[in-house]
Amino acid sequence: MPEGDTVYRSARALHASLAGQVLDRCDIRVPAFATVDLRGERVESVVSVGKHLLHRIGDFTIHSHLRMEGSWNIYRAGARWRSPAWQARAVLGVPEIVTVGFLLGELEVVPREREFELIGYLGPDILGSSWNAELATGNLAAVSDRPIGLALLDQRVIAGLGNVYRNELCFLRGVLPTRPVGTVPELAALVTLAHRLILTNRDRVERVTTGD
């Protein structure tokens with residue numbers, strides 16, 4: 001499953017391609033939302049929240065999650081897709097650009113006012129503008145009996161961390177992933193390091209976690 005930095009880069013690329021433009025193509029290939037047609041609506045923004053992607057279009061939000069195999073690709077209009085059409089779950093287009101969500105693990109369309117119902121359970125977004133290290137540290141401390149390796153993966157504790165960062169954080173801090181959170185020293189320092197690591201790699205395709 002992609003880490004939060006990968007999802008952040010996807011959202012940024014989609015935003016650069018779509019934001020401010022009016023949809024001229026909208027094909028949602030999920031039965032529950034197959035009749036949704038947002039053509040003629042303006043794309044306000046595409047943002048990431050943890051590992052979730054939100055297309056804010058008119059009065060609606062298209063929410064997607066990549067899970068293990070999903071991706072959003074960007075094409076020039078008329079260009080050949082890199083994946084087969086049967087894997088497409090959503091096709092959104094503006095003049096000259098087509099974006100395609102392939103094998104998305106989750107895809108739903110809701111009124112904007114219901115957006116919170118989909119992501120409200122998440123902990124602080126580690127790449128969000130309102131990142132709150134103190135709240136994240138408190139969330140960790142509140143699950144004191146859980147192994148630190150599992151707690152770091154819990155999106156209700158901190159949104160955006162995955163296996164790569166969990167493993168690297170435990171290694172860099174010299175903490176066994178099976179160690180209970182309540183016995184891990186200096187949780188605040190671990191959270192600070194987590195934020196620094198993912199922020200450093202936010203704009204990189206190849207991650208660096210040791211400085212080498």
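Treat the numbers as computed from the prediction; the structure is a model and nothing was measured.

Draft legend 1. Representation of the sheet that holds strand S8 (residues 106-111) within the structure. With antiparallel pairing, 4 strands are arranged side by side in an open sheet as S2-S3-S4-S8. Taken across any chain shown, the strands that pair with only one partner, and hence form the sheet edges, are strand S2 (43-49) and S8. Across the sheet, the axes of successive neighbouring strands diverge by a mean angle of 15°, strand direction being ignored. Pairing of strand S3 (residues 52-57) with strand S4 (residues 60-65), which is carried by 6 bridges, proceeds in the antiparallel orientation. By the bridge assignment for S4, His-55 is matched with Ile-62.

Draft legend 2. The arrangement of unusual backbone geometry in detail. The backbone of Leu-103 sits at a positive phi, close to 50°, despite the residue not being glycine. By secondary structure assignment, the location of Leu-103 is in the loop between strand S7 (97-102) and S8. A positive phi is found at Glu-186, a non-glycine position, where the angle reads about 55°. Mapped onto the elements, Glu-186 comes out in the loop between helix H5 (163-173) and helix H6 (187-201).

About the criteria used
- Residues numbered from 1 in each chain as written.
- Predicted model: local features only at pLDDT ≥ 70, side-chain atom pairs only at ≥ 80, totals over all residues.
- Heavy atoms only, no water.
- Pairing = 2+ DSSP bridges.
- Helix = DSSP H or I, 4+ residues; strand = E, 2+ residues; numbered from the N terminus.
- Axes fitted to C-alpha atoms, helices over the stretch in contact; angles between N-to-C directions.

Just distances and angles here, no functional claims.
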